[in-house]
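Below are the chains, spelled out letter by letter.
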Amino acid sequence: MPIIKLTNIERKRFLALIVCLLLAIGGWLFLALNNKYIYTAKTVLVYKNFPQKKAFHPLQSDTVDLQVEGSGWQLLFARLRIKPQSIAISLERLNNRNFILFSEQLYSVNDQLETSQKIISVRPDTLYFDFSQRTVKKVPVEFISDIEYTKQYGVSSTIDINPSHVTVSGPLQELEKITSWQTDTLKLKNIQHAVKTRVSMEHSDLKNINIFPASVEVRIPVDEFTEKTLEVPLKIINNKAYHNVKLYPKKVKLTFLVALSSYKQVNEDFIEAVVDLNEWKQLHHTQLVVTLTRFPEYCKLIKIEPSKVDFIIEK
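Note that this is a predicted model, so its numbers are computed, not measured.

Looking at this structure, I do not really get the sheet that holds strand β10 (residues 160-162). What am I missing?
Strand pairing within a sheet occurs via backbone hydrogen bonds; the two strands may be parallel or antiparallel. The three strands are arranged β10-β16-β14 in an open sheet whose pairing can be described as antiparallel. The outermost strands of the open sheet, each flanked by one partner alone, are β10 and β14 (195-200). Adjacent strand axes in the sheet meet at a mean angle of 25°, parallel and antiparallel pairs treated alike. As paired strands, β14 and strand β16 (residues 215-220) are joined by six bridges and run antiparallel to one another. Bridged to Arg198 within β16 is Glu217.

Mind showing me how you'd approach the pattern of salt bridges here?
A complete count under the given rule lists eight salt bridges for this structure. When the shortest N-O distance is used, the salt bridge between Arg93 and Glu104 registers 3.5 Å. One end of the pair, Arg93, is in the loop between β4 (86-90) and β5 (99-101); the other, Glu104, is in the loop between β5 and α3 (106-111), with eleven residues separating them in the sequence. Relative accessible area serves as the criterion here: at 42%, Arg93 is assigned to the partly exposed category. Its salt-bridge partner being Glu305, residue Lys303 comes within 3.7 Å of it at the nearest N-O pair. Residue classification places Lys303 among the partly exposed residues on the basis of a relative accessible area of 40%. The class of Glu305 is partly exposed, set by a relative accessible area of 37%. One connected set of salt bridges, linked through shared partners, spans Arg93, Arg97 and Glu104.

Would you explain the sheet that holds strand β18 (residues 244-248) in this entry?
Spatially, three strands are ordered β18-β24-β21 in an open sheet, and the strand pairing comes out antiparallel. Only two strands of the sheet have a single neighbouring strand rather than two, namely β18 and β21 (288-289). Sheet topology places β18 next to strand β24 (residues 308-314); five bridges connect them, and they run antiparallel. Residue Lys246 lies in a different strand from β24, and its bridge partner there is Ile312.

Sorry, what's going on with a nonpolar patch on the surface here?
On the surface, a cluster of nonpolar side chains totalling about 360 Å² of accessible area is made up of Ile18, Leu21, Leu22 and Ile25. Its location among the elements puts Ile18 in helix α1 (residues 8-34).

Looking at this structure, I do not really get the side chain of Ser169. What am I missing?
Assignment of secondary structure puts Ser169 in strand β11 (residues 165-171). In this structure Ser169 comes out as buried when scored by relative accessible area, which is 15%. If sequence neighbours within four positions are ignored, Ser169 has contacts with Arg134, Thr135, Val136, Leu175, Asn208, Ile209 and Asn210.

Hey, could you run me through the packing of aromatic side chains in this one?
Remark: the centre distance and the inter-plane angle together describe each pair of aromatic rings, the angle taken between the planes. Under the definition given, this model contains two aromatic pairs. On the basis of an interplanar angle of 50° and a centroid distance of 6.2 Å, the ring pair of Phe99 and Tyr128 is categorised as tilted. Of this pair, Phe99 sits in strand β5 while Tyr128 sits in strand β7 (residues 126-142), and the two are 29 residues apart along the sequence. With relative accessibility at 43%, the residue Tyr128 sits in the partly exposed group. Aromatic pair Phe256 and Phe295: ring centres 5.7 Å apart, planes at 90°, arrangement edge-to-face. Of the two residues, Phe256 sits in strand β19 (residues 251-259) while Phe295 sits in the loop between β22 (291-294) and β23 (300-305), which places them 39 residues apart along the sequence. Residue classification places Phe295 among the partly exposed residues on the basis of a relative accessible area of 24%. The ring of Tyr263 is capped by Lys228, whose NZ or CZ atom sits 4.5 Å from the centre of that ring.

Criteria and cut-off values
- Throughout, a residue's number is its position along its own chain's written sequence, starting from 1.
- This being a predicted model, a pLDDT of at least 70 is required before a residue's local features are given, and a value of 80 or more before pairs of side-chain atoms are given or counted; all residues contribute to the totals for chains, interfaces and linings.
- Based on all heavy atoms of the structure, the side-chain values leave hydrogens and waters out of the count.
- Strands pair, by our definition, only if DSSP identifies at least two bridges between them.
- Helix numbering and strand numbering both begin at the N terminus, where a helix is a DSSP run of H or I of at least 4 residues and a strand a DSSP run of E of at least 2.
- In this description, a line fitted to the C-alpha atoms serves as the axis of each element, helices being fitted only across the stretch in contact, and the angle between N-to-C directions of two axes falls anywhere from 0 to 180 degrees.
- Salt bridges, as used here, are contacts in which a Lys or Arg side-chain nitrogen is within 4 Å of a carboxyl oxygen on Asp or Glu.
- Buried means the residue's accessible area, taken with a 1.4 Å probe over protein chains only, is under 20% of the maximum for its type, while exposed means over 50%, and partly exposed covers the values in between.
- For patches, a residue must show more than 30% relative accessible area and have no salt bridge; joins then use 9 Å for like charges and 5 Å for nonpolar side chains, namely Val, Leu, Ile, Met, Phe, Trp and Tyr.
- Accessibility throughout is a Shrake-Rupley quantity obtained with a 1.4 Å probe, and a residue counts as covered only by protein chains that appear here.
- In this analysis, two residues are considered to be in contact whenever any of their non-hydrogen atoms come within 4.5 Å of each other.
- What counts as a ring pair is set by centres within 6.5 Å for rings of Phe, Tyr and Trp (its six-membered ring), and what kind of pair is set by the plane angle: stacked under 30 degrees, edge-to-face over 60, tilted for all other angles.
- A ring is considered to have a charge above it if a Lys NZ or an Arg CZ atom is located within 6 Å of its centre and within 35 degrees of its normal.

The values reported here are purely geometric and, on their own, carry no functional implication.
Structure representation (structure tokens):
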């Protein structure tokens, strides 16, 4: 393979040519990137100024294509991104018509963008909406939590939520599907004292559903738990033939955890233990399983002794 040998002068001339070529390309690229170009970018719509007496349903996607005028630098480095990633559109005109024109709001939309970007047009330019009468409904609040308590601590009584109901407004066909409304998940760790905090309501995925208030106050009573044992008499259910049934034993021993503040108050009157005679009549069991039909909600059962009992039936 032949090797071209260059003199020192020729090498200097060749290097100068390369440098000039790179400078020319860099200058052309710099001028080109400083020019204005029109490119397409997608963005998400955020609605504001909702009509007061109408519930609406958009008849198109909430994502639109923007024709944006920007520099070549933005086209090269921003990768067609709009900042911010969403634009706010006023729905005030829906009070007297069923469509929104972007061309009427281009000035306010451009105010939301970086000064170096300018929206020329939007596709589609017109947004259409379906309307129904706005109705109001009260639904209970469903508290969602992910709370880790310190060992031997826990919820000692009913969690208080204020207000316990929220007002939901929107189209009737949507409200009929709503029976409750969840809060955002309250996450706490290593809790050993009562908690009082505000929790936001879960954001609606439907743009035509509003929730008031946007947050609720939650009070969680927390106490240390200790072990307690009680003997509870057994009751017989489904003894429709009035058989004389004798149980062995007649009482069962329950071991459970109870809050220290409720230790003295919780007794056998708060608990009901039963056996079902249908287990013998229909399933032919030789022992009856003990079940609890009443038990304090915020006590934690450890064991029942015995969990099954013997019986004798006298007709």
